[in-house]
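So you can see what is in the structure, the chains are spelled out below.
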Amino acid sequence: MASLAIIVAALLSSLPTVSASQECLQIREEYDLRSLARNDNVFLIVYDDETAHVQKNICNKLRLHDISGKKIGPNGSATVFAHLEVTTATTRNFASTLNVEQFPSFLFISAGIDDTSKYSDHTTIYKQDSDVLDTAAFSDFARKHVGFSPLGNDVFTIIFFDSVASRFVSYGNASGLNRLKQKGLVLLVKTATLVGYKEPFKSIGKLYNRAFAMSLEYGIEYSSRHVGRMEHNLQSGNLTPAEYHELQQKIAILKSFSQPKTLTAEDDKKIYTHVALHIGLIVAALILILLPADRNSEEDEEPFDTPVIAKVIDDK
């Protein structure tokens, strides 16, 4: 039982994650902001106690986004996400120097700030007309300056599954041993998605499973054919926002097959490691099922096997 627990723990710890996490950094004083904006763009959320839930919601959703490898911001620099809570006179004065007039406020501060720079020369503020956040307008602001909307409805991929798809496609429309290898990769992804239960991993895992199954059944050209058809549908203009996003998500996953990435030795190492872990889990589970339990162990002794001596109760 202990060996099985160790293998399960190792499998869970190595489970593929959806994208790289993007943390929100806390700004406590002006020095913190100038240090961040010296080399990187900064997307800053300024809020007070009453609007703290907005900051928390956005920063939680940022952890689901993979922004690695993208050119983010109009100057091509990377973007750091940060937040400033206005709770004291000092932080309120600092917010005023940033021209913040209401909470929450969202600022895009371009890189290149030094000790003498004026914030006004580097800062674009999202203006809202009411206390209610206009999610559509805010998302447009974020996409313009950052490349995606932290509020959600963005496209996700699972980096490890993309690597498995690239290895799968490298075998072509195979037969014999390579065909068996492809089936093994399909089983690997299916097993991994059975273990993962969190969103968006669970929903996206189903799309990967379908893409692998269809490619195995209809050939590796399956993805290329469907990407072209779906991209045509995107341009039709007859889709609801939900349908448009769903198509974008499917296209992103199918492109893992139609436009496979070049695998490195590290990518192959991760694939082999996951294969070994899954085989170990299956073997441990079979051993646990097939081997009879040791009934002679003191630890397994039933509580009713031990005689209980009743005491006479004196009614007097």
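About the cut-offs
- Residues numbered from 1 in each chain as written.
- Predicted model: local features only at pLDDT ≥ 70, side-chain atom pairs only at ≥ 80, totals over all residues.
- Heavy atoms only, no water.
- Buried < 20%, exposed > 50% of the residue type's maximum accessible area, 1.4 Å probe, protein only.
- Helix = DSSP H or I, 4+ residues; strand = E, 2+ residues; numbered from the N terminus.
- Arc of directions from axis to C-beta.
- Core = buried A, V, L, I, M, F, W, Y, C linked by side-chain atoms within 4.5 Å.
- Contact = heavy atoms within 4.5 Å.
- Disulfide = S-S within 2.5 Å.

(A) Up close: helix 5 (residues 135-145). Within helix 5 the residues assigned to the buried category are F138, S139, F141, A142 and H145. Looking straight down helix 5, one finds its buried side chains confined to an arc of 160°; they lie on one side. In helix 5, the exposed positions that point more than 90 degrees away from the buried face belong to D140 and K144. At the C-terminal side of helix 5, G147 shows a positive phi close to 110°.

(B) The nonpolar core, seen in detail. Counting residues in each nonpolar core, the largest one holds 30 residues, and the members touching the most others are F161, V164, F168, Y208, F212 and F257. Examining the composition of this core, we find that seven residues originate from one element, helix 8 (residues 201-218), more than from any other. Residues contacting F212, with those up to four places away along its chain left out, are F161, V164, A165, F168, V186, V189 and F257. Counting 18 residues, the second largest nonpolar core, distinct from the first, contains A37, V46, I113 and Y119.

(C) View of unusual backbone geometry. A cis amide bond links F103 with the next residue in sequence, P104, at an omega value of -5°. Residue placement: P104 occurs in the loop between helix 4 (89-97) and strand 4 (105-109). Of note, N99 is a non-glycine position whose phi angle comes to about 70°, a positive value. Residue position: N99 is located in the loop between helix 4 and strand 4. Owing to a relative accessible area of 43%, N99 belongs among the partly exposed residues under this scheme.

(D) Just the state of the cysteines, in detail. Per the stated rule, a full pass over the model turns up one disulfide. Between the sulfur of C24 and that of C59 lies a disulfide, 2.1 Å long from S to S. Taking the torsion about the S-S bond as the criterion, the C24 to C59 disulfide, at about -95°, is left-handed. With C24 in strand 1 (residues 24-26) and C59 in helix 3 (residues 52-62), this residue pair connects regions lying 35 residues apart in the sequence. Each member of the pair, C24 together with C59, is buried.

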